Amino acid sequence: MIVAKQKPIEEIIETVDPYNRILVVGCNECVTVCEAGGKKEVAVLAASLRMYFMNQGRDIQIDEVTLERQCDREYLEEIRNRMDQYDAVISLACGVGVQFMAETYMRTPVLPGVDTCFLGVTEERGVWTERCQGCGQCILASTGGICPVSRCAKRLFNGPCGGSTKGHCEINKDLVCGWQLIIDRLTELGRLDDYEKIAPIKDWSTERAGGPRKVVREDVI
Amino acid sequence: MSLKTPSRLEKILASGQLAVTSECGPPRGSDPEAITRKAEMIRNHVDAINITDNQTSVTRLCSLAACIHLKLMGIEPTLQMVVRDRNRIALQSDILGAASFDIHNILCLSGDHQQFGDCPQGQNVFDIDSMQLIQTVRHMRDEGKFLGGDEITRPPQMFVGAAANPFADPFEIRVPRLAKKVAAGVEFIQTQCIYNLDKFELWMKQARDRGLHEKVYILAGVTPFKTVGMAKYMKNRVPGMDVPDEVVKRMAGVPKEKQPEEGLNICVETIQRLKECEGVRGFHIMAIEWEEKVPEIVERSGLYPRPRD
Amino acid sequence: MRLQYPSNVKVVRVPCTGKVDLIHLLRSFEKGADGVYVLGCMEGECRFETGNLRARKRVTQAQKILDSIGIGGERVQMYNLSSSEGPRFAEFATEMTQKIREMGPNPIKIALKKKAA
């Protein structure tokens, strides 16, 4: 899922300060799972903001709603007939949802309430780690299911580097070395000989480097 | 073995003699005097001098420019090139830049992560990795073509090297990794500095068992300790470094004024022992901030005078 | 036991403090409560194992939020006791009341009164 984390409330307060009628919109998918922008987080943020502004002597209207997703038009449409009641929206969706909301409601300022971090997994409640960088050309079949692009700090295709120490990355002793994981997995799969195959130079044109990306399914349009 | 490049280092190694290389770190400023002074001190005691490339991600005068300064002094440089900071266009471009000054040695490296340096907030590149850089230089030299496929006018004639670290984890793949670099086309290797001789000799044995010592020239890396503090620092704070307790004890066992001398003794003894190690074809002396001792180390190890052209 | 405890304490009973969510704590302050405290079983004795531990985490979250919006994190607290400890119940009620009296009324309460007027 897309993993995000809540922005510090001080930052949200600063961006929302010029407005008096605010709608806080959550998302029921990824940000709910990583406890950053679901229905509960919307309620907490709205209550906190109401109290803050009341304490400042300002009479602000702060409403709450949580949509199924903010990356599909049909869900964003659900709030169309109330949008004129607000002069700003705080979206707790990931950066994708914030932008799509803004594109859908061009005349209403849409402010982000979370920092979108990465594509990752729930290791355990409260801990999320990165797994995928969206490079557009998945090579997991040859690396035993472990991605060197997202799990090696240097995205080496023929790692590990000389800084790998006791299975951990040179930049942080709590960060597992991606290449150690790959080697361990290849060993378990009885495929350690694959290690000596030289991985070819990557085509990064399907990654961010190639420009903003698009997927089209001709057979479905 | 017929020579592939005009590199003096290649020539000496191919002749069967032990080669000696050393390295200099460029200054954190634009005055080339820091490089030229150090290089002048050691020029008659080494066959080629490596210039580091923004080592530990600390921004310094670039390796290419420093190599050119050496070349203009009539000294043979080895261009260290990391893939951390440059994409494949810039890497190929800098290789041509070096070749335009007839620089004939290159060391292909990954590079320490930028977190260690003075710009931890910067981007990193890692467009291709060090293994692929080895392949790239060989391709440019032997096929005379760019990665994109076009012809290169006056292809670079570079003797291609890489680093190896017998002491990094996991140990079981360190020799397979060396084999991989050999398959990628590497021609000489400089190892991380050696203090754990048993482990190094084990690594060498495994390399010999696979015949790798006949496919690539391996130069053993050594660094003299100046103080017991330095020994401890390298033991505990430098990733991929193996400093056995006995070595630290040895440094700690002499009074402070005697420690530099003891450090040099350990270094010379290491070289003497490794001269007997089959497959070791030379030494890479990294005397960080102590370049003035390189001549002494070379002489005491019986490696002086260096072959003259 | 019929011990005395301050009459300003309003008790809300829950089957386990694990049922108390962050929003419940915040809503109380939003509606003008001067202080909120959560009374849970001794740690390690929760019949649902970790209910009181979750409550403690949520109280900590509430404290942080209340501090960052200028209401005062000290206004929300958690205490642990076992059901037989009647005197401690009274003790905590008194302690909390004292603390809140010293802090003064919740600024939200004042703002709400002003609005109603």
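Residues numbered from 1 in each chain as written. Chains lettered and ligands numbered in written order. Predicted model: local features only at pLDDT ≥ 70, side-chain atom pairs only at ≥ 80, totals over all residues.

## Considering the overall build of chain C
- Across its full length, chain C carries 4 helices and 2 strands.
- Ordered by position in the sequence, the α and β elements of chain C form the string α-β-α-β-α-α.
- Here the C-alpha radius of gyration of chain C, 15 Å, is about what a compact globule of 117 residues would show, namely 13 Å.
- A principal-axis box enclosing the C-alpha atoms of chain C has dimensions of 45 × 30 × 20 Å.
- In chain C, which comprises 117 residues, the proportion classed as buried is 26%.
- Taking contacts inside chain C between residues at least 6 apart in sequence as the whole, the part at least 24 apart equals 73%. (Helix = DSSP H or I, 4+ residues; strand = E, 2+ residues; numbered from the N terminus. Rg over C-alpha atoms; globule rule 2.2 N^0.38 Å. Buried ≥ 20, exposed ≤ 12 C-beta atoms within 10 Å, placed from the backbone. Contact = placed C-beta atoms within 7 Å.)

## Points about the interface of chain B and chain A
- Facing 24 residues of chain B, the contacting portion of chain A comprises 22 residues.
- Elements with a minimum of two residues in the side of chain B that touches chain A: α5 (130-143) and α6 (174-184) of chain B.
- Considering every element that reaches the side of chain B that touches chain A, the biggest residue donor is α6(B), with 5 residues.
- Of the residues assigned to the side of chain B that touches chain A, the class counts are 12 nonpolar, 7 polar and 5 charged. (Nonpolar A, V, L, I, M, F, W, Y, C, P; charged D, E, K, R; others polar.)

## A closer look at the sheet that holds strand β3 (residues 77-82) of chain B
Residues and elements named next belong to chain B.
- Spatially, β1-β2-β3-β4-β5-β6-β7-β8 is the arrangement adopted by the 8 strands of the closed barrel, whose pairing is parallel. Within the sheet, the average angular offset between the axes of one strand and its neighbour, ignoring direction, is 30 degrees.
- Pairing of strand β6 (residues 188-193) with strand β7 (residues 217-222), which is carried by 4 bridges, proceeds in the parallel orientation. Note that in β7 the partner of Ile-189 across the bridge is Ile-218.
- In this fold helix α3 (residues 63-72) packs onto β2 (48-51) and β3, with an angle of close to 175 degrees to the strand it touches most, β3. (Pairing = 2+ DSSP bridges. Axes fitted to C-alpha atoms, helices over the stretch in contact; angles between N-to-C directions.)

## Examining the confidence of the model for chain C
- Of the residues in chain C, 98% reach a pLDDT of 70 or more, and the chain-wide mean stands at 92.
- Both scores are available for the predicted complex, with the pTM at 0.92 and the ipTM at 0.91. (pLDDT = per-residue confidence, 0-100.)

## Considering the arrangement of the chains
- Highest in contacts among the 2 pairs of chains that touch are chains A and B.
- When C-alpha atoms are compared, chain B and chain C, though not in contact, are closest at a spacing of 28 Å.

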